[in-house]
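# Breakdown of the fold
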Amino acid sequence: PRKLLIVVTPTYNRAFQAYFLNRLAQVLTLVQPPVLWIVVEENTASMETADIIRKTGVMYRHLVSVKDLTDVKDRGVHQRNTALEHIERHRLDGIVYFADDDNIYSFELFQNLREISRFGTWPVAMLAQSKNKAILEGPVCNGSQVIGWHTNEKSKRLRRFHVDMSGFAFNSTILWDRKRWRRPITSPIRQLDTVKEGFQETTFIEQVVEDESQMEGKPIGCSSILNWHLHLDTRNLVYPKGWMLSKNLDVR
Ligand code: UDP
């Protein structure tokens, strides 16, 4: 039987939400089942999101992550934790992938995910409108062996692993089957809400693997780009006065 792909997507209400969710949903419908799409919203589940994900025909769970409203904005960290708890509690056996709603994913990416046994990683192209260029973040490989990392930003040099949130996936059984993966018992696996921005990925990965020897570089040689991390700065776009849409624009 084919492995289950567990795709975790934190999302929130904003003008681009329907566009982002529809685009991600469309690539997921192309992927051979079984795929489980775990969509996690903040505080309340919106009808608009429910509609979009229901229409796609992909197997899904629509979860809500309730957090203290006084908390600082954490860009999806709390929502991903909610999904991890759900996966652990229900012992969902498959490959877990954190797919933010705003990135662009190729169909090939999902085919590669199925080949992961423990932990897979690959380079992601980061697209920043403000910088007008694409930079790589992720592993440098010799075959499927990870031998180094593409590093860019000075502020992030101290990270142990230079991986984007959308540049790795892992076997869910790592979350509970310590014997099988021979992992030392550490604190429970969490992406701590308090971790500094830019260090969330490495903090999480350090809990799942010990070093590069436990990683599988994808695809062989890590030389092709499977997904793109989009930093779309929509704040400075000029709209005619009175035409601004702040909520999810879902056209029926
Ligand atoms: N996100 C969210 N609530 C927020 C901010 C972000 O649910 O207040 C989600 C967002 O929809 C996306 C993920 O968290 O799926 C990452 O957000 P973003 O792309 O803004 O962060 P970046 O990748 O730019 O750090």
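Note on numbering: residues in each chain are counted from 1, in written sequence order. Reporting of local features is limited, given that this is a predicted model, to residues whose pLDDT is at least 70; pairs of side-chain atoms are given and counted only at 80 or more, and all residues count toward the totals for whole chains, interfaces and linings.

### Structural notes on the UniProt feature "active site" (unreviewed entry) in the chain
- The positions that UniProt labels "active site" (unreviewed entry) are, in the present scheme, Glu201.
- Numbering of helices and strands starts at the N terminus; helices are DSSP runs of H or I of at least 4 residues and strands are runs of E of at least 2. By the element assignment, glutamate 201 lies in helix H6 (residues 200-208).
- The exposure label follows from counting other C-beta atoms within 10 Å of a residue's C-beta, where the C-beta atoms are placed from the backbone and the thresholds are 20 or more for buried and 12 or fewer for exposed, leaving partly exposed in between. For glutamate 201, a count of 24 C-beta atoms within 10 Å translates into the label buried.
- C-beta atoms are first placed from the backbone for all residues, and any pair lying within 7 Å is then listed as a contact. Among residues more than four places away in sequence, those in contact with glutamate 201 are Phe161, Val163, Asp164 and Met165. UniProt positions are given in the numbering used here, feature names are shortened, and annotations may be inferred rather than shown by experiment.

### What to know about the sheet that holds strand S2 (residues 35-42)
- A pair of strands is treated as paired once DSSP finds two or more bridges between them. The mixed open sheet is built from 7 strands, whose spatial order is S3-S2-S1-S4-S10-S6-S11. The two strands at the open ends of the sheet, each matched to only one other strand, are strand S3 (59-65) and strand S11 (216-217).
- All axes here are fitted lines through C-alpha atoms, helices being fitted over the stretch that makes contact, and every angle between N-to-C directions spans 0 to 180 degrees. Contacts from helix H3 (residues 77-89) reach strand S1 (5-10), S2, S3 and strand S4 (95-98) within the one sheet, and its direction differs from that of S3 by about 125 degrees.

### Quick word on the nonpolar core
- Think of a nonpolar core as buried Ala, Val, Leu, Ile, Met, Phe, Trp, Tyr and Cys residues, each tied to the set through C-beta atoms within 7 Å. Ranked by size, the top nonpolar core spans 46 residues in total, and within it Ile6, Val7, Val8 and Tyr97 carry the most contacts.
- What valine 7 contacts, discounting residues up to four positions off in sequence, is Leu28, Val35, Trp37, Ile38, Tyr97 and Ala99.

### Some thoughts on the sheet that holds strand S9 (residues 145-150)
- Strand order in the open sheet made by the 5 strands is S5-S12-S7-S8-S9, with mixed pairing throughout. For this open sheet the edge positions go to strand S5 (104-105) and S9, each flanked by a neighbour on one side alone.
- Looking at chain direction, strand S8 (residues 133-142) and S9 are connected through 5 bridges and run antiparallel. Its bridge partner being in S9, asparagine 142 is matched across the sheet by glutamine 145.

### Quick notes on H6
- Residues of H6 that are buried: Gln200, Glu201, Phe204 and Ile205. For H6, the angular spread of the buried residues around the axis is 120 degrees, confining them to a single face.
- Tucked into the core, H6 has its buried residues touching H3 and strand S10 (168-171). The arc in question is the one traced by the directions running from the helix axis out to the C-beta atoms.

### A short note on unusual backbone geometry
- Cis peptide bonds are those with omega within 30 degrees of zero, and the linkage from proline 33 to proline 34 qualifies with 0 degrees.
- Looking at the element boundaries, proline 34 is found in the loop between helix H1 (17-30) and S2.
- In this structure, arginine 91 takes a positive phi of about 50 degrees despite not being glycine.
- Summarising the element assignment, arginine 91 is placed in the loop between H3 and S4.
- With 11 C-beta atoms counted inside 10 Å, the residue arginine 91 sits in the exposed group.
- With a phi angle near 50 degrees, cysteine 222 is a residue other than glycine that sits in the positive phi range.

### Re H3
- To estimate the expected span of a helix, subtract one from its residue number and multiply by 1.5 Å. Relative to the 18 Å expected for 13 residues at 1.5 Å per residue, H3 spans 18 Å between its end C-alpha atoms, a close match to the ideal helical length.
- Among the residues of H3, Val77, Gln79, Arg80, Asn81, Thr82, Ala83, Leu84 and Ile87 are the ones counted as buried.
- In the stretch just after H3, arginine 91 is the one whose phi turns positive, near 50 degrees.

### Examining the environment of glycine 221
- Counting through the fold element by element, glycine 221 comes out in the loop between S11 and strand S12 (227-231).
- Residue classification places glycine 221 among the exposed positions, given that 12 C-beta atoms sit within 10 Å.
- In the structure, glycine 221 is positioned 81 residues away from valine 140 in sequence and 7.6 Å away in space, judged by C-alpha atoms.
- Not counting residues up to four positions away in its chain, the partners in contact with glycine 221 are Cys141 and Gly143.

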